[in-house]
Amino acid sequence: MEKMECCGVNGKDDFATKTDDQKWVQENIPDSCCKNVVDQCGWKYKTKDSTLYYSDGCVNKVIDFFKENFKLAGICGLVFILIEIIQIILAIVLRRNADGVLA
């Protein structure tokens, strides 16, 4: 999340989960949500300056990342398929040339 500069799916409030008050109240966010990552920087974030944390959610950033890199991923996929086809052709050629040879 640090490299994408985001926190949570929809924002840092995704981590502000409140369950049964007598059992557990989550007041922390992951340290990776902090703009300056240090140990325990996400502890009790509600009492600190909100400019220290990324407030944007990661969903839109991940979608944008895939949109930007879709062409590269497609090219890599096609190259992989081409290599597999070449391997299949080579295996067929080798098998035909190996008639009578015991393995």
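Please refer to the structure placed before this passage.
This structure is a prediction, so every number in the text was calculated from the model and none was measured.

Colleague: Give me the overall build of the chain: which residues, what numbers.
Modeller: A tally of helices and strands in the chain yields one helix and zero strands. Taking all 103 residues of the chain together, the buried fraction comes to 17%. For the chain, contacts bridging at least 24 residues in sequence account for 46% of all contacts bridging at least 6. In the structure as shown, the chain presents an accessible area of about 8400 Å², 61% of it carried by carbon and sulfur atoms.

Colleague: So what's going on with the state of the cysteines? Residues and values would help.
Modeller: Within this structure, the stated rule accounts for two disulfides. Here Cys6 connects covalently by a disulfide to Cys58, the sulfurs 2.0 Å from one another. Looking down the S-S bond of the Cys6 and Cys58 bridge, the torsion is 100°, so its handedness is right-handed. Of this pair, Cys6 sits in the segment before α1 (59–97) while Cys58 is found in the segment before α1, placing the two residues 52 residues apart along the sequence. Each member of the pair, Cys6 as well as Cys58, is classed as buried. Residue pairing for Cys7: its cysteine sulfur links by disulfide to Cys33, the two sulfurs lying 1.9 Å apart. Around the S-S axis, the bridge from Cys7 to Cys33 shows a dihedral of about 80° and counts as right-handed. Of this pair, Cys7 sits in the segment before α1 while Cys33 sits in the segment before α1; the two residues are 26 residues apart in sequence, bridging distant segments of the chain.

Conventions we followed
- Residues numbered from 1 in each chain as written.
- Predicted model: local features only at pLDDT ≥ 70, side-chain atom pairs only at ≥ 80, totals over all residues.
- Heavy atoms only, no water.
- Helix = DSSP H or I, 4+ residues; strand = E, 2+ residues; numbered from the N terminus.
- Buried < 20%, exposed > 50% of the residue type's maximum accessible area, 1.4 Å probe, protein only.
- Contact = heavy atoms within 4.5 Å.
- Areas by Shrake-Rupley, 256 points an atom, 1.4 Å probe, with all protein chains shown as cover.
- Disulfide = S-S within 2.5 Å.

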